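Results of the structural survey
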Amino acid sequence: MNALSRLFAKPWLWSFAGALLVWLAAIAFTGGYGAGGMITAALSLAVFTVVVGVGQMFVITLGPGNVDLSLPANIGLASAVAMKVMNGDDSLVAIGLAAALACGFAIGAANYLLIWALRIPPIIATLSASFVIQSIDISYGRGLQIKPPPGFADFTNIQVLGVPILAILTALFTAAAAVALQRSIYGRSALAIGQNLSAARLAGVHVEMTRLFTYALCGALGGLDGALLAGYFRGANVDLGNEYLLASIAVVVIGGTSVAGGKSNVPGIWGAALFLVLLLTMLNTFGVSAGVRLLLTGLIIVAVITAAGGQKVPR
Amino acid sequence: MTESSIAAPSSPAAIGGLNLRRHLRAFLPAFSLVLVLLAIAYLNPRAISYFGFSLMLNLAIPIALATIAQMFVIAGNDLDLSIGTFVGFIGCVAATWLRDAPFVGALVLLGCIAVYAGLGALIHLRNLPAIVVTLGMSFVWQGLAILLLPKPGGRAPDWLLAIMSVKPPLVPFPILAALLIAGVAYVGLMRSSYGAILRGSGGNAAAISRAGWSLLTAKVTLFALAGLFGELSGLALIGITTSADANIGNGYTLLSIAGVILGGGEFVGGRVSPIGAVIGALTLALAASPLLTFLHIPPDWQVAANGVILIIVLAARALISRKGSDRR
């Protein structure tokens, strides 16, 4: 009983409940047809949101105003970098992935440089940076027609018993991220900074290093996501990351992480990502038009966040 | 412009330093606008004319109105990520219902303000993160806009077209409009007694609440005002472009946030500046295209130039603020 009430107090439970609910609604509509396929498809698409969601979560953990708006531009540029370095050759996949990671890492570090050196609010710093990155991508990726190496493209689509291999790897990664958040010195530092910056600084937390690492980590995950997306969707594209601006923030907050910072959780990101993808699947099976789909998506997001309720005001 | 920040300096020298810093900070938005204007005047002297200003600043009116809308939300420590799609939806309403069935159109506009007020109430009562609620609403407005106007089209009502193409003597219309918008918002938020309460709800909610003011009313008022100015922005936009498109306002979300911050506003603490916000919007509108066109910057890099301009202005502001805090 006690364990049960503890479980219900978990902030991430609601996102999984929401995901289950929309899935049930979808298969009720199709009469059970395609129930498993829906989950497979949802898992393979949710992976991309989860990867950037984890990065965004660490950034949001740092406290009010901390959010990375440069992720879409980052994803676009990294996808182009990865495809150019891989050059359609299977033997260059590892180097291409490393290049995408390095590209994202550099973008994240540059973001923090703006925030730290110029004291610009993170929202505006990452927004301004994203304008610059977008231009670099447009000029660098112009007319880029390179397809991903066949081995890499196949890898992003491999399934084991209906579970995409990328989803399994991402699950392992998120488990590690959860441990890092709750148990490592880095994670605890990030949480402490989000709860009270001055107190964390006085307690000897390496504030600047932790924040630098967080933005760089988020950037690197964006870069990795760009490479994976280019593999999955068979090519790089300036607009590849566009939907991940809102999605990365939405999964973090729907997953039960506090936007005020200092109170985060990783499992909720999975629940929220599955919820958003399954919601789209459900509305597609209902066969509604684009306008109705957007309208319902918005209303359901508002309804879910209202039902889950806000956090108590910290005192 | 920084009336909300009341400090208690200890020595006369500190007071002088504090005032100087305050004034520097307050004039920075205006200074950056002058700088952009000087650059344009240098690059293309003919642009500095009645006709040139009417043309260059035309789109600044809806941007300024959207920025003021965002400013009201930011004054209450929230952020509205839906203002862009809301402006787009209002544009679609203006180009269809408001022309064909003015009564229905007017009702819809009133209803939208009520929705915004309701969102404010919802956010306050359930203690929800405004970012997520408005994120959801951005899908709602976009969906409604697509349902209303699946293809670009429609036509603005004649009275709206007439208003937006007024040619007053001597001073170009966009400049008059900017003065009017800044004046109204300034008097309302910075000079009225309830305006002080509204800013206070962002600065120190507990103090305002203990002084007997309703935080719910304050939040609802701020959001309703944001809705009202968002609608004015949509109407002004359609008055200029004459027809609508469901995606017409999408860029306004980020533009409006950047405008508020460029104008000296801060994300927390109810510290905003209506005059600064309008100046910020004008700077953005000018820096966005006329300046870059005159500089012959290739289209690929125009977006980057926008980012760099934002960074430079904010860096200058940070420099001024930091000098002050070092002295303390």
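Residue numbering note: each chain is counted from 1, following its sequence as written. All chains are assigned letters beginning with A, and all ligands numbers beginning with 1, in the order in which they are written. This being a predicted model, a pLDDT of at least 70 is required before a residue's local features are given, and a value of 80 or more before pairs of side-chain atoms are given or counted; all residues contribute to the totals for chains, interfaces and linings.

**Some thoughts on the overall build of chain B**
Counted only if it meets this: The numbering of helices and of strands both runs from the N terminus, where a helix is a DSSP run of H or I of at least 4 residues and a strand a run of E of at least 2. This radius of gyration counts C-alpha atoms alone. The globule rule is 2.2 Å times how many residues there are, raised to the power 0.38. Counting other C-beta atoms within 10 Å of each residue's C-beta, where C-beta atoms are placed from the backbone, gives the exposure class: buried for 20 or more, exposed for 12 or fewer, partly exposed between. For the purpose of contact definition, each residue receives a C-beta atom placed from its backbone, and two residues are in contact when these atoms lie within 7 Å.
Secondary structure summary: chain B contains 16 helices and 0 strands in total. At 20 Å, chain B has a C-alpha radius of gyration in line with the 20 Å of a compact globule built from 328 residues. Structurally, chain B occupies a C-alpha span of about 65 × 55 × 40 Å along its principal axes. By residue count, 50% of the 328 residues in chain B fall in the buried class. Long-range pairs, those at least 24 residues apart, make up 79% of the contacts in chain B with a sequence separation of at least 6.

**Comments concerning the overall build of chain A**
Within chain A, the secondary structure is distributed over 14 helices and 2 strands. Relative to the globule expectation of 20 Å for 315 residues, the C-alpha radius of gyration of chain A, 20 Å, shows essentially globular dimensions. C-alpha extents for chain A along the principal axes are approximately 60 × 55 × 35 Å. A separation of at least 24 residues holds for 79% of the contacts in chain A among residues at least 6 apart in sequence.

**A closer look at the packing of helix H5 (residues 93-118) of chain A against helix H11 (residues 207-232) of chain A**
Residues and elements named next belong to chain A. For clarity, the cut-off: With axes taken as lines fitted to C-alpha atoms, and helix axes fitted only over the stretch in contact, angles between N-to-C directions fall between 0 and 180 degrees. Left-handed describes a crossing whose near helix is turned anticlockwise from the far helix through less than a right angle; right-handed describes the clockwise counterpart. Residues were grouped as follows: Ala, Val, Leu, Ile, Met, Phe, Trp, Tyr, Cys and Pro as nonpolar; Asp, Glu, Lys and Arg as charged; and all remaining residues, including Gly, as polar.
Two elements in contact, H5 and H11, have axes whose closest approach is 6 Å; the angle formed by their N-to-C orientations is 145 degrees. The two elements H5 and H11 cross, and the hand of that crossing is right-handed. Across the contact of H5 with H11, the residue classes break down as 18 nonpolar, 8 polar and 2 charged.

**Considering the environment of Gly84(B)**
All names here are of chain B. With respect to the helices and strands, the residue Gly84 is situated in helix H4 (residues 83-95). Separated by 29 residues in sequence, Gly84 and Leu55 place their C-alpha atoms 23 Å apart. Apart from the residues lying within four places of it in its own chain, the contact partners of Gly84 are Gly249, Asn250, Gly251, Tyr252 and Thr253.

**Notes on the interface of chain B and chain A**
In this complex, chain B contributes 38 residues to the contact, which on the side of chain A involves 39 residues. Of all the elements, helix H7 (residues 130-148) of chain B adds the most residues to the side of chain B that touches chain A, at 14 residues. Considering only residue class, the side of chain B that touches chain A consists of 28 nonpolar, 7 polar and 3 charged.

**Overview of helix H4 (residues 71-86) of chain A**
Residues and elements named next belong to chain A. Note the threshold: In this analysis, the expected span of each helix is defined as 1.5 Å times one less than the number of residues it contains.
Given a rise of 1.5 Å per residue, 16 residues ought to cover 22 Å, and the 22 Å separating the end C-alpha atoms of H4 matches this to within 8%. Counting buried positions over the 16 residues of H4 gives 14, a clear majority of the element. Just beyond H4, the residue with positive phi is Asn87, at close to 50 degrees.

**Digging into the environment of Met282(A)**
All names here are of chain A. The residue Met282 is located in helix H13 (residues 267-286) in this model. Measuring from C-alpha to C-alpha, the distance between Met282 and Val207 comes to 44 Å, with 75 residues separating the pair along the chain. In contact with Met282, other than residues within four places in its own chain, are Val22, Ala25 and Ala26.

**Description of the nonpolar core**
In plain terms, the rule: In plain words, the nonpolar core is the set of buried Ala, Val, Leu, Ile, Met, Phe, Trp, Tyr and Cys residues that C-beta atoms within 7 Å link up.
Formed by 212 residues in total, the largest nonpolar core has its most connected members in Ala250(A), Leu278(A), Ala64(B), Ile68(B), Val278(B) and Leu282(B). No other element matches the 16 residues that helix H3 (residues 35-61) of chain A contributes to this core. Among all residues touching Ile68(B), those that are not within four sequence positions of it are Ile181(B), Ala185(B), Phe229(B), Pro274(B), Ala277(B) and Val278(B).

**Focus on the confidence of the model for chain A**
If pLDDT is low for a region, its predicted coordinates should not be looked at in detail. Where we set the bar: Confidence per residue, as judged by the predictor, is encoded in pLDDT with a range of 0 to 100.
Scored by pLDDT, chain A has a mean of 86; 95% of the residues are at 70 or more. Element-level pLDDT for chain A is lowest in helix H1 (residues 2-8) of chain A, with a mean of 67, against a maximum mean of 93 in H11(A).

**Quick look at helix H8 (residues 165-183) of chain A**
Residue and element names in this part refer to chain A. Heads up, the rule is: Directions pointing from the helix axis toward each C-beta atom define the arc.
With 19 residues, H8 extends 27 Å from end C-alpha to end C-alpha; this agrees with the ideal 27 Å at 1.5 Å per step. Listed as buried for H8 are Leu166, Ala167, Thr170, Thr174, Ala177 and Leu181. The arc that holds every buried residue of H8, seen down its axis, measures 85 degrees, which confines them to one face. Seen from the buried face of H8, the exposed residues on the opposite side, beyond 90 degrees, are Leu172, Ala175, Val179 and Arg183. In this structure, the buried side of H8 is in contact with H3, strand E2 (163-164), helix H9 (185-195), H11 and H13.

**Points about the packing of H4(A) against helix H6 (residues 122-140) of chain A**
Residues and elements named next belong to chain A. So the rule is basically this: In this scheme, roughly parallel covers angles under 35 degrees and roughly antiparallel covers those over 145, while 65 to 115 is roughly perpendicular and the rest are oblique.
Put simply, H4 and H6 touch, their axes get as near as 8 Å, and they point 25 degrees apart. In terms of orientation, H4 lies roughly parallel with respect to H6. Of the two elements, H4 crosses H6, and the hand of that crossing is left-handed. Residues Pro72, Ala73, Asn74, Gly76, Leu77 and Ala80 of H4 touch H6, and the partners they reach there are Ser130, Ile133, Gln134, Ile136, Asp137 and Tyr140.

**With respect to unusual backbone geometry**
Positive phi values are uncommon outside glycine, yet Asn87(A) reaches one of about 50 degrees. Mapped onto the elements of the fold, Asn87(A) is located in the loop between H4 and H5. We note that Asn127(B) has phi near 55 degrees; this positive angle belongs to a residue other than glycine. Note that Asn127(B) resides in the loop between helix H6 (102-125) and H7. C-beta crowding within 10 Å serves as the criterion here: with 12 such atoms nearby, Asn127(B) is assigned to the exposed category.

**Focus on the confidence of the model for chain B**
All names here are of chain B. Mean pLDDT over chain B works out to 85, with 91% of the residues at or above the 70 mark. In this model residues 1-10 is a low-confidence stretch, pLDDT under 50, and it forms 18 contacts with partners more than four residues away in sequence or in other chains. Across residues 324-328, confidence stays below pLDDT 50; counting only partners more than four residues off in sequence or on other chains, it has 3 contacts. For this predicted complex, the interface score ipTM comes out at 0.81, while the overall pTM is 0.82.

**A word on the environment of Ile238(B)**
Residue and element names in this part refer to chain B. Mapped onto the elements of the fold, Ile238 is located in helix H12 (residues 215-241). The sequence separation of Ile238 and Ser214 amounts to 24 residues, and the corresponding C-alpha distance is 36 Å. With residues up to four places along the chain from it excluded, the contact list for Ile238 reads Gly91, Ala94, Ala95, Ala156, Leu160 and Ala244.

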